[in-house]
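Observations on chain architecture
Each chain is listed here by its residues.
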Amino acid sequence: MSVATDQETAPIANSRNGRTGSVFRSFGSLFGGSQNSGDQQPGDGYVEFGMQNPERSGRTLGTFAGVFSPVALSMFSALVFIRVGYIVGNAGLYVTLLQFVIAYAILLFTVASVCAISTNGAIEGGGVYFMISRTLGLEFGGSIGTLFFFANVVGSAMAISGCTEGILDNFGANGYFGSYLKDGPWWCFLISSLLNTLQLLVCLVGAALFAKTSVIILAIVTVCLFVTYVSFLAVGASNDTIAVPLSNNLSKTVHFLNYTGLNANTLRDNLGEHYGTDYTSNGKQVDFSTTFGVLFAGVTGIMAGANMSGDLKNPAKSIPCGTLSAVAFTFVSYVILSFLMCCTTPYFTMQNNYLFLLPVNVWPPFTAIGILTATFSTSLSNLIGSSRVLEALSKDQVFGNLLNFVLRGTWKGNPIAAVVTSWCLVECILLIGSFNIIAQINSVLFMLAYLATNLACLGIEMTGAPNFRPLFKYFTWHTCLIGLLGTLVMMFVINPIYASICIILCLILVIALHLFSPATQAAQWGSISQALMFHQVRKYLLMLDPRKDHVKFWRPQILLLVSSPRSCCPLVDFVNDLKKSGLYIIGHVKLGDFKDVQDFENNQQWWSFLDHMRVKAFTEVTVSRSIREGVQHLIRLSGIGAMKPNTIILGFYDSEAPRDFFQNGSSPYKTDDFNSGEIQNFPIRRDGDPKHFQVEEYVQILCDTLRMKKNLCLCRNFQRLDKNFIAQSNHVKYIDVWPINVFNPTLGDPFDMVSLFMMQLAVIMLAKWKHLRVRIFLCETNEQRAVGTFDSQAPQMEIFSKQKLEQSLKELRISAHIVEIQEWSHDTDFSRRARTLRQYTGQADNVMLEDDDEESLNRSLLYMQRANQIIRERSDQTALSFIYLAAPPKLATPDFAQRSASYMELLTELTAELPPTILVHGVSTVTSTTL
């Protein structure tokens, strides 16, 4: 098992070498060290510690080129030159500024969460997927990462659609620069496909080329935007009126829209809402949700820097600095642009020509260049981001072997197969055609990714994990919660149908990954669910007060003591059903000295055993010089707080050789997982090998259990238990309860504490085996018959006993069939023989051993054989029997060793050849008849 684990973790360990160099540099600068000192060459320090220099591992991007530029370009996208006028013309200045504030508030809170997570450890490739998966765990990380991959694909298609719109409005039919291209849906798709293919070629060259060109593209877009600002002021200063072509012109006649320049009346008219129709979506009515959906889709680029995390020299530093500065830069740019539009352009113009910036620019080609560069670079950024996320999903084997083609299709660190796959999906999205419709889908998908990011940061902050020490300090759980709620609400504001579909798909992916994904990744990454559960469980355990326990809410909390899991699989499985949602602990004692045990804390095999058995249990293993001492430790210390075992279950002490259910060919528990070559985990005692302890110590354990006020159960013949046969057989019909103390039948009371405890356990098993019935055997003793000789009320006494039992069962809501047994009264010396049995039990304080001990034991054995015959004759259709267990002889009893040996010999005779049997001795009240 350990070898397999090492092999599985090796690829992950190797993939982390690329980021250790930046971590080493961070620690070096922290302690005032220099990266290059003396004759040391760059990278030598990394080699000394087995690390790779970031430059040598492909990490070549800094903050500006790797984060600020792609984030700023992605947040400008098609919005800055094409759709700000659409938003301002419909929503007005006040609502537009409100929408920008809402959008950027969500972005700012999400950025704070991203910065907190990214500065809490080294970030590898995959960006937001890597952060979410390593924080929330495999299920949520894989599902959100998948949706984030599709969000990038949709974002790329949206940007290409905007770029195509700019090309056609400039060079299409009635284009501003001339009619060089044909118009129509399929021509739009053709041009979009050509642009998509062009960006595919750029992506195939690599992310480094894009990062270098992104700086140049950002410079071009910034210059074009600055010229646009100047144009608004320049044209307004000259008080000119410019005619703007009407794009919403179905009749193809020439119409013109007004442009007023800087004008107070224009500003006043543009302050309020004037929702109209969208001429690019067949006249669809525009409202708050559609404008906000387009706006938010244009500013969703905050993850563009995180997506490049695998190519950054220092992701923990570059992601916060670059992202925050880009957010601030774009926000100021959008606010200035919106205000200038409201001051210069009537809302009717902005509603009917989304590219009105072309004719109002001092040199129109500036706007055309800005549109094409901003949209194309945004599409390129999203395409690279989606390919990197897909590559990370394939590396992590989130979907098993389904994405192996991505790993095989990587060349010189560039995931060519992932890029091509993303390109194909972008082509499919382009068939939608309308920029505004694609924008709404894009907004919902990105908001879901932002929601998960805020959830991840909120969760890890609430756990109070000591290792959560991000370098970025400007966040609290309040910012995470506000960001989470904001994204959730605005998702449904934009489009409730799209939002619902995305959430449902995310939940389906979560469930699928939980059921089918490999468990190795989850163990290696860690899951925030484990930390949250620990936090909540600890809180509720402290609130669980044992002083407030009430019998109405009693449930069995079981400690099952096993010598080897190999030989007790049916019993472990059975007790899992018996626990009734209570505590279940499997305890084991290792014989030896504590200082000699090397793997005391290695419980991996025990957890694997629980997984194999599919039982909901804990394991407790202790080391002791004797079995009795170890059992005392387990009984006293198992559990925590109010969750402590109240019932102890042991296997029966007999001479039968244990069966190996892991190797038995017909066993439902057969497995080879616990065999490592010739080494066998959980070894068992072979036939002829001596036991680890003697019968006297076993009985002492029983006495210790009762002294500690724990209910006691001894299980025998469970190697015969076959749950599948019981569930399918029509022959097996009953669960039997024998509420008679066979060691002292004169005191047989079907209503004492032990009997009621047996009935409670039988009812619990009845809930699991619903097709069975409970039988309670009411045994009449010879003393009752003797009383009837001198009392005319004897018949009434017998009837009253049965009626009383029926009434008690009715009050306890127990459905059972009562069977009367009269053998004890028919045999004249049956009770006389039974009197000798008391000397072997806990009632032997005032009973002296008879002179002829051997003869007394033989008579007792004959009695037990007769009792066994009575039970066996009625067990042909029995699945399980509960038999009254008399208390063992007390430890202070004279000749305890002899008495304990006789006690176990009698129990062996009593339970011989019976179906699976539980000998029960209860010490606490477990039933209630009150509300």
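Residues numbered from 1 in each chain as written. Predicted model: local features only at pLDDT ≥ 70, side-chain atom pairs only at ≥ 80, totals over all residues. Heavy atoms only, no water.

1. Comments concerning the overall build of the chain
When its secondary structure is counted, the chain shows 35 helices and 18 strands. For the chain, with 931 residues in total, the buried portion stands at 53%. Once local pairs closer than 6 in sequence are excluded, the contacts in the chain between residues at least 24 apart make up 82%. Counting every atom, the chain has about 41,400 Å² of accessible surface; 59% of that belongs to carbon and sulfur. (Helix = DSSP H or I, 4+ residues; strand = E, 2+ residues; numbered from the N terminus. Buried < 20%, exposed > 50% of the residue type's maximum accessible area, 1.4 Å probe, protein only. Contact = heavy atoms within 4.5 Å. Areas by Shrake-Rupley, 256 points an atom, 1.4 Å probe, with all protein chains shown as cover.)

2. As for the packing of aromatic side chains
In this structure the tally under the stated criterion is 33 aromatic pairs. Seen from their ring centres, Phe468 and Phe475 are 5.9 Å apart, and the 75° between their planes marks the pair as edge-to-face. Ring geometry for Trp738 versus Phe777: centroids 3.9 Å apart, planes at 5°, classification stacked. One end of the pair, Trp738, is in strand S14 (residues 734–738); the other, Phe777, is in strand S15 (residues 773–779), and 39 residues separate them in sequence. Pair check on accessibility: Trp738 and Phe777 agree, each one buried. Here the aromatic residues Phe64, Phe68, Phe76, Phe100, Tyr104, Phe329, Phe331 and Tyr334 are joined through ring pairs into a cluster of three or more. Over the face of the ring belonging to Tyr540 we find Lys539, whose NZ or CZ atom lies 5.3 Å from the ring centre. Over the ring of Tyr653 we find Lys691; its NZ or CZ atom is 4.6 Å from the centre of that ring. (Phe/Tyr/Trp six-rings, centres within 6.5 Å; stacked < 30°, edge-to-face > 60°. Lys NZ or Arg CZ within 6 Å of the ring centre and 35° of its normal.)

3. So, the sheet that holds strand S10 (residues 647–651)
With mixed pairing, the 10 strands of this open sheet are ordered in space as S9-S8-S7-S10-S13-S18-S17-S14-S15-S16. Either end of the sheet is taken by a strand with one partner, and the two such strands are strand S9 (618–624) and strand S16 (816–821). Neighbour-to-neighbour, the strand axes of this sheet turn through a mean angle of 25°, independent of strand direction. Of the pairings in the sheet, the one linking strand S13 (residues 711–716) to strand S18 (residues 917–921) comprises five bridges and is antiparallel in character. Bridge pairing in S18 places Cys715 opposite Ile918. Of the strands in this sheet, strand S8 (584–591) and S9 are in contact with helix H25 (residues 604–613), which crosses S9 at around 145°. Along the sheet face, helix H35 (residues 896–910) touches S13, strand S17 (878–884) and S18 and points at about 55° away from the line of S13. (Pairing = 2+ DSSP bridges. Axes fitted to C-alpha atoms, helices over the stretch in contact; angles between N-to-C directions.)

4. Some words on the pairing of S13
Buried residues dominate S13, accounting for six of its six residues. As paired elements, S10 and S13 share five bridges and run parallel to each other. In the sheet register, Ile649 faces S13, and the bridge partner there is Cys713.

5. Some details on the packing of helix H5 (residues 79–118) against helix H11 (residues 288–298)
Look at H5 against H11: their axes get within 8 Å of each other, and the N-to-C directions meet at 75°. Relative to H11, the element H5 is oriented roughly perpendicular. A class-by-class count of the residues in the contact of H5 with H11 yields 15 nonpolar, six polar and one charged. (Parallel < 35°, antiparallel > 145°, perpendicular 65-115°, else oblique. Nonpolar A, V, L, I, M, F, W, Y, C, P; charged D, E, K, R; others polar.)

6. Let's talk about the packing of helix H4 (residues 63–76) against helix H13 (residues 315–344)
Running from amino to carboxyl end, H4 crosses H13 at an angle of 35°, the nearest separation of the two axes being 8 Å. Taken as a pair, H4 and H13 cross one another with a handedness that is right-handed. Mapping the contact onto sequence places Thr63, Val67, Phe68, Val71, Ala72, Met75 and Phe76 in H4 and Ser318, Ile319, Cys321, Gly322, Thr323, Ser325, Ala326, Val327, Phe329, Thr330, Ser333 and Tyr334 in H13. Here the residues of the contact of H4 with H13 are counted per class, giving 12 nonpolar, seven polar and no charged. (Left-handed = near helix turned anticlockwise from the far one by under 90°.)

7. Things to note about unusual backbone geometry
Within the chain, Phe682 stands out as a residue other than glycine whose phi angle is a positive 55°. Mapped onto the fold, Phe682 is located in the loop between strand S12 (679–680) and helix H27 (695–707). Take Phe682: its relative accessible area is 12%, and that puts it in the buried class. Of note in the backbone geometry, Arg813 takes a positive phi value of approximately 55° without being a glycine. Inspection of the secondary structure puts Arg813 in the loop between helix H31 (794–811) and S16. On the basis of relative accessibility, which here comes to 58%, the residue Arg813 falls in the exposed class.

8. Overview of the pattern of salt bridges
Summed over the entire model, instances satisfying the criterion amount to 13 salt bridges. For Asp573, the salt bridge goes to Lys723, with nearest N and O atoms at 3.3 Å. Here the residue Asp573 occupies a position in helix H24 (residues 569–578), and Lys723 occupies one in helix H28 (residues 723–728), the gap between them amounting to 150 residues. Lys723 sits in the partly exposed class, given a relative accessible area of 22%. One salt-bridge network, in which partners are shared between bridges, spans Asp573, Asp577 and Lys723. (Salt bridge = Lys/Arg side-chain N within 4 Å of Asp/Glu carboxyl O.)

9. Some thoughts on the pairing of S10
When you tally the buried positions in S10, you get four out of five residues, the bulk of the element. Taken together, the four bridges between strand S7 (residues 558–561) and S10 define a ladder with parallel strand orientation. Bridge pairing in S10 links Leu559 to Ile648.

10. Details of the confidence of the model for the chain
On average, residues of the chain carry a pLDDT of 79, and 80% of them reach 70 or more. Looking over the chain, one finds the lowest element-wise mean pLDDT in helix H2 (residues 17–30), namely 34, and the highest in S7, namely 96. Low confidence marks residues 237–241, where pLDDT is under 50. Its contacts with residues over four positions away, or in another chain, come to five contacts. Across residues 250–254 the pLDDT falls below 50, and counting only partners more than four positions away or on other chains, this stretch makes two contacts in the model. (pLDDT = per-residue confidence, 0-100.)

11. Some details on the nonpolar core
Core analysis: the biggest nonpolar cluster contains 136 residues, and Phe296, Val299 and Tyr334 have the highest contact counts within it. With 20 residues, H5 is the largest single contributor of residues to this core. Look past the residues within four positions of Tyr334 in its chain and what remains in contact with it is Met75, Phe76, Leu79, Val80, Val84, Phe100, Tyr104, Gly298 and Val299. (Core = buried A, V, L, I, M, F, W, Y, C linked by side-chain atoms within 4.5 Å.)

12. Description of the environment of Ala65
For Ala65, the location among the structural elements is in helix H4. The class for Ala65 is partly exposed, based on a relative accessible area of 23%. Once the C-alpha coordinates of Ala65 and Leu218 are considered, the two residues, 153 residues apart in sequence, prove to be 9.9 Å apart.

13. Re H24
Among the 10 residues in H24, 10 count as buried, and that is most of the element. Taken as a whole, H24 has its buried residues at Cys569, Pro570, Leu571, Val572, Asp573, Phe574, Val575, Asn576, Asp577 and Leu578.

14. With respect to the environment of Ile585
Position of Ile585 among the secondary structure elements: in strand S8. For Ile585, a relative accessible area of 3% corresponds to the buried category. Excluding residues within four positions of it along the chain, Ile585 makes contact with Ile558, Leu559, Leu560, Phe618, Glu620, Ser638, Gly639 and Pro645.

15. Notes on the environment of His588
With respect to the helices and strands, His588 occurs in strand S8. On the basis of relative accessible area, His588 is assigned to the buried category, the value being 12%. With 43 residues separating them along the chain, His588 and Val631 place their C-alpha atoms 8.1 Å apart. Setting aside residues up to four positions removed in sequence, His588 forms contacts with Val562, Ser563, Trp606, Glu620, Val621, Thr622 and Leu634.

16. Some words on a positive patch on the surface
On the surface, Arg555, Lys580, Lys616, Lys768 and Lys770 cluster together into a positively charged patch. Mapped onto the fold, Lys770 is located in the loop between helix H29 (753–768) and S15. Judged by its relative accessible area of 68%, Lys770 falls in the exposed class. (Patch = residues over 30% accessible without salt bridge, like charges linked within 9 Å, V, L, I, M, F, W, Y side chains within 5 Å. Lys, Arg positive; Asp, Glu negative; His and termini not counted. Charge placed at Lys NZ, Arg CZ, Asp CG, Glu CD.)

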